[in-house]
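What follows is the residue order along each chain.
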Amino acid sequence: MVDRSVANIVLFGPPGAGKGTQADKLVNEFKLFKVSTGDLLREEIKKKSALGNKIKSIIDKGMLVQDNIINDLIEKVLDKKKYFNSLIFDGYPRNLSQAKNLDKLIKKYKQKLSCVLSLKVDTDIIVKRILGRLICSKCGSIFNSFFSPATKENHHCGSKFLQRRSDDNEESIKNRFQIYNTETLPILDYYENQKLLHEIDGMRDISIIYKEIRQIIHALESWLYNVYLYK
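Below you will find a few notes about this structure. Predicted model only: the values in this text are computed from it and were never measured.

Observations regarding the overall build of the protein chain
And step 1. Scanning the protein chain from terminus to terminus reveals nine helices and eight strands.
And step 2. By principal-axis analysis of the C-alpha atoms, the protein chain measures approximately 55 × 40 × 30 Å.
And step 3. Counting every position in the protein chain, which comprises 231 residues, the buried fraction comes to 45%.
And step 4. Taking contacts inside the protein chain between residues at least 6 apart in sequence as the whole, the part at least 24 apart equals 72%.

Observations concerning the pairing of strand β4 (residues 113-120)
And step 1. In terms of burial, β4 is a largely internal element, seven of the eight residues being buried.
And step 2. Relative to β4, strand β1 (residues 8-12) runs parallel, the two being bridged by five bridges. Counterpart to leucine 11 in the pairing with β4 is leucine 117.

Overview of helix α7 (residues 170-184)
And step 1. Taking 1.5 Å as the rise per residue, α7 with 15 residues should run 21 Å; its terminal C-alpha atoms sit 20 Å apart, in good agreement.
And step 2. Listing the buried residues of α7 in full gives Ser172, Ile173, Arg176, Phe177, Ile179, Tyr180 and Thr184. The buried side chains of α7 occupy one side of the element, clustering within an arc of 165° when seen end-on. Opposite the buried face of α7, at more than 90 degrees from it, the exposed residues are Glu170, Glu171, Lys174, Gln178 and Thr182.
And step 3. Here the buried face of α7 lies against β1, α3 (50-60), α6 (123-131), β5 (133-136) and α8 (186-193).

What counts, and at which threshold
Residues numbered from 1 in each chain as written. Predicted model: local features only at pLDDT ≥ 70, side-chain atom pairs only at ≥ 80, totals over all residues. Heavy atoms only, no water. Helix = DSSP H or I, 4+ residues; strand = E, 2+ residues; numbered from the N terminus. Buried < 20%, exposed > 50% of the residue type's maximum accessible area, 1.4 Å probe, protein only. Contact = heavy atoms within 4.5 Å. Pairing = 2+ DSSP bridges. Expected span 1.5 Å × (residues − 1). Arc of directions from axis to C-beta.

Structure (structure tokens):
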């Protein structure tokens, strides 16, 4: 039987563009595994190790953690056989150096990158998405006080469990946007030259955005199927 599944995917976009939401949907439907550098870093912070404390200090200032730390965490994931060619990268790569490193790691572990999905969202909308973001520490559900507030009907854990991330503040947002504009946007050209980039309007309803993403993935599946069929 021909394996028609798509390989690793990168979800790209500024902070608050909705990458995590779309990644979760892809994970559920296509049986993939999400790699969020944010989650990896927060796990290290929870350990309260020296490295974790250092990472927390950097994140709280709205800055990005050094590439060598991030790259090592990513390689540990790629090295695991259960994740072979079935990863969604959410929040990585963040700059051109990381993108080139990912290419090297993909080749090192004999995997491939199927596509890069770039969500484009206006700045003012993103600010509201970030400042309004609330995460339930009990069930992990994500809400937004502006767009999708928690109610008694959609959240049963209680408001006492709703928390904001320490880096979800105005100063942090401005720093992250500055870093994104100067360091991350050049990756678009890098992946466009590799014919991997797909730009998506992230201003629309979540379900409509996901429908377009599914169409892209299914088109890739069909293309891969034909490649194997006529080899």
